[in-house]
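# Descriptive analysis of the structure
Below are the chains, spelled out letter by letter.
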Amino acid sequence: DIGAAGVGVVVRDHQGHAVAALTKRFHLPSTPTMTEALAARTAVHLALELKLDRVSFEGDSETILKALRCSEANFTPYGHIIKETQDKSKSFQSCYFQHTRRSANTVAYVLAQKSFSFDSHFLWLSNMPHDVLSIFQSDLVHQ
């Protein structure tokens, strides 16, 4: 779909097991960095919906992760998304944003591609697709 981008989010428990996955499509994000900011916001919203209180978010966009960890105002085109994500993340008892290598984050890209198979989003709380689970397990090895 031209003019759209997909994002993928996986939620792991403290032992590293996948407990939820989400795929979501956004219309007309202006840049890849904007898409990464939307992915971070989506992850925070999902964690809030799942009523998690101690969270660690991983992503492979150093630009977005640095922005999320920075307390100064962000005047970029995606600054309002960063601000909203930071504000929402204050609801958690503890919250960390950390960088991971792209090779350890393949499952997010597979889920992003799956977003084009659904109307706008899809959430798995159990019984994730076998291809997604297989790639998730591979990502754990590459961390």
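Anything mentioned here points back to the structure above.
Right, let's walk through the structure included here. The model shown is predicted, which means the values in this text are computed figures rather than measured ones.

Across its full length, the chain holds five helices and five strands. Ordered by position from the N terminus, the helices and strands of the chain form the series β-β-α-β-α-α-β-α-β-α. A compact globule built from 143 residues should have a C-alpha radius of gyration of about 15 Å, and the chain, at 14 Å, falls within 12% of that. Expressed as lengths along the three principal axes of its C-alpha atoms, the size of the chain is roughly 40 × 40 × 25 Å. Looking at the chain alone, contacts between residues at least 24 apart form 73% of all its contacts between residues at least 6 apart. One finds the centroid of the 14 positive side-chain charges in the chain at a distance of 3 Å from the centroid of its 14 negative side-chain charges.

Moving on, we get to the packing of helix H1 (residues 32-49) against helix H2 (residues 62-69). Axis angle and axis distance: for two packed helices, these are the angle between their axes and the distance between the axes, and together they describe the pair. Two elements in contact, H1 and H2, have axes separated by 9 Å at closest approach and are oriented at 50 degrees. Judged on the interaxial angle alone, H2 and H1 are oblique. Crossing angle aside, the handedness with which H1 passes H2 is right-handed. Along the contact surface, H1 presents Thr33, Glu36, Ala37 and Ala40, while H2 presents Thr63, Ile64 and Leu68. Per-class residue counts for the contact of H1 with H2 are four nonpolar, two polar and one charged.

This part is about the state of the cysteines. Overall, the coordinates contain zero disulfides when judged by the stated rule. With no disulfide of its own, Cys70 lies closest to Cys95 among cysteine sulfurs, the gap being 15 Å.

Moving on, we come to H1. For H1, which comprises 18 residues, the first-to-last C-alpha distance of 26 Å matches the rise-based estimate of 26 Å (1.5 Å per residue) to within 8%. Directly after H1, the chain includes Lys51, whose backbone phi takes a positive value near 60 degrees.

For the rest of this paragraph, the subject is the sheet that holds strand E5 (residues 121-124). What the three strands build is an open sheet, ordered E1-E2-E5; its pairing is antiparallel. Looking at which strands have only one partner, the edges of the open sheet turn out to be strand E1 (4-12) and E5. Going from strand to strand, the sheet's axes swing by 10 degrees on average, the running direction of each strand aside. H1 contacts E1, strand E2 (18-27) and E5 of the sheet and is inclined by roughly 40 degrees relative to E1. Here helix H4 (residues 106-114) sits on the sheet in contact with E1, E2 and E5, set at roughly 130 degrees to E1.

About the thresholds
- Residues numbered from 1 in each chain as written.
- Predicted model: local features only at pLDDT ≥ 70, side-chain atom pairs only at ≥ 80, totals over all residues.
- Heavy atoms only, no water.
- Helix = DSSP H or I, 4+ residues; strand = E, 2+ residues; numbered from the N terminus.
- Rg over C-alpha atoms; globule rule 2.2 N^0.38 Å.
- Contact = heavy atoms within 4.5 Å.
- Lys, Arg positive; Asp, Glu negative; His and termini not counted.
- Charge placed at Lys NZ, Arg CZ, Asp CG, Glu CD.
- Axes fitted to C-alpha atoms, helices over the stretch in contact; angles between N-to-C directions.
- Parallel < 35°, antiparallel > 145°, perpendicular 65-115°, else oblique.
- Left-handed = near helix turned anticlockwise from the far one by under 90°.
- Nonpolar A, V, L, I, M, F, W, Y, C, P; charged D, E, K, R; others polar.
- Disulfide = S-S within 2.5 Å.
- Expected span 1.5 Å × (residues − 1).
- Pairing = 2+ DSSP bridges.

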